[in-house]
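# Structural overview for review
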Amino acid sequence: MTRARAMVLAAGRGERMRPLTDATPKPLLEVRGKPLMQWPLEALASAGFSSVVVNTAWLGEQIEARFGSGGGPLPSIAYSHEGRDFGGALETAGGIVRALPMLGDVFWVVAGDVYAPDFVFSEAAVTRFVTSGRLAHLWLVPNPTHNPRGDFGLSADGLALNEAPERLTFSTIALYRAAFFAAPNGDIPPGNPQGTKAALAPLLRRAIEKAQVSAERYLGDWTDVGTPERLATLNAGR
């Protein structure tokens, strides 16, 4: 098995999913018979990635109660309890930096509220990324109707672009080096001891400007399960 680790983001409040998320954290809402975040956990385990960090905030105790320390068809799971430690979620970059001491030098990150059942978290992708020398590698998907303008462009030689005639949507699936979050790109100390909230997009745009982020298209099934309507559509098989 590979020694690379992964992080599944599961700390968000899920405001747009209310009232479903008033009593259940969004990553535990069921999609086709499984909690939403179980899909990437199983995919990581089946690809040989044996160690995962899950961050929690809103109703995070339910997530730990459901998955425990992992095992069986799941990787081993460690938790970064942002809600317990700081009273709420630290946003994406703040949460990742909080978990950095548990993640090592190179690691996957995927949101626990996206459905991408066919995505393969391959060790070959990790090897290509490590040898590339880049700070991050993103998987970009065709723009869904709720994000028609996209997020980033993609150059012919595989670099992510802040501005481009065609922009794609960031799937949330990515590989990072710990150095991506360090100075001069980021300014929060590893472990985020102060509980600083920080968004990921500014760090990505800064690194992209310096040609430090590569990317590729992903054309498999992918849904940002952000509303009750999208959840219902998935569960209806449409």
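Preceding block: the structure.
So, here's what we can say about the structure. (Residues numbered from 1 in each chain as written. Predicted model: local features only at pLDDT ≥ 70, side-chain atom pairs only at ≥ 80, totals over all residues. Heavy atoms only, no water.)

## Here we look at the pattern of salt bridges
Filter applied, for reference: We define a salt bridge as a side-chain nitrogen of Lys or Arg found within 4 Å of a carboxyl oxygen belonging to Asp or Glu. Between buried and exposed lies partly exposed: a residue is buried under 20% and exposed over 50% of the maximum accessible area for its type, with that area taken using a 1.4 Å probe on protein chains only.
All told, the structure shown has 9 salt bridges when counted by the stated rule. A salt bridge links Glu-42 to Lys-34; the nearest nitrogen and oxygen atoms lie 2.7 Å apart. According to the relative accessible area criterion, Lys-34 is partly exposed, its value standing at 22%. One salt-bridge network, held together by shared partners, links Arg-13, Glu-15, Arg-18 and Asp-22.

## Structural notes on the pairing of strand E4 (residues 51-56)
Heads up, the condition is: Secondary structure counts use DSSP, requiring at least four H or I residues in a row for a helix and at least two E residues in a row for a strand, with both numbered from the N terminus. A strand pair is defined by DSSP finding two or more bridges across the two strands.
Within E4, 6 of the 6 residues are buried, which leaves the element mostly enclosed by the surrounding structure. Residues of E4 alternate between two faces, with Ser-51, Val-53 and Asn-55 on one and Val-52, Val-54 and Thr-56 on the opposite face, all of them buried. Bridge count between strand E1 (residues 5-10) and E4: 5 bridges; the pairing is parallel. Paired with Met-7 across the bridge in E4 is Val-53. In this structure, E4 lies alongside strand E5 (residues 76-81), joined through 6 bridges in parallel fashion.

## Let's talk about helix H5 (residues 123-132)
Quick note on the threshold: Directions from the helix axis toward the C-beta atoms define the arc. Any two residues whose heavy atoms approach within 4.5 Å are treated as being in contact.
Among the residues making up H5, those that are buried are Ala-125, Val-126 and Phe-129. Viewed end-on, H5 has its buried residues packed into an arc of 100°, placing them on one side of the element. Every exposed residue of H5 that faces more than 90 degrees away from the buried side is listed here: Arg-128 and Thr-131. Each element contacted by the buried residues of H5 is listed here: strand E6 (106-111), strand E8 (136-141) and strand E11 (169-177). Downstream of H5 by a residue or two, Gly-133 has a phi angle that is positive, lying close to 80°.

## So, the side chain of Glu-82
We apply this condition: Charge counting follows a simple rule: Lys and Arg are positive, Asp and Glu are negative, and His as well as the terminal groups are ignored. Pairs of N or O atoms within 3.5 Å make up the polar contacts considered here, provided that, within protein, one atom can donate a hydrogen while the other can accept it, and that residues adjacent in sequence are counted only when both atoms are side-chain atoms.
Tracing the chain through its elements places Glu-82 in helix H3 (residues 82-86). Within the buried core, Glu-82 has no salt-bridge partner, and the shortest N-O distance to an opposite charge, that of Arg-98, equals 7.1 Å. Within the local environment of Glu-82, its side chain forms a polar contact with the side chain of Asn-55, the two groups lying 2.8 Å apart. Ignoring any residue separated from it by four or fewer positions in sequence, one finds Glu-82 in contact with Ala-11, Asn-55, Thr-56, Gly-87, Gly-88, Ala-89, Leu-90 and Gly-95.

## Remarks on the sheet that holds strand E12 (residues 213-217)
Condition: Lines fitted to the C-alpha atoms define the axes, with helices restricted to the stretch that makes contact. Angles between their N-to-C directions range from 0 to 180 degrees.
The 7 strands lie next to each other as E5-E4-E1-E6-E11-E8-E12, forming an open sheet whose pairing is mixed. Only two strands of the sheet have a single neighbouring strand rather than two, namely E5 and E12. Put simply, the sheet's adjacent strands are angled 25° from each other on average, direction ignored. Note: E8 against E12, 5 bridges, orientation parallel. Paired with His-137 across the bridge in E12 is Ser-214. Sitting on the sheet, helix H1 (residues 38-46) touches E1, E4, E5 and E6, and the angle it makes with E1 is about 175°. Against the sheet, H5 engages E6, E8 and E11, with an angle of about 65° to E11.

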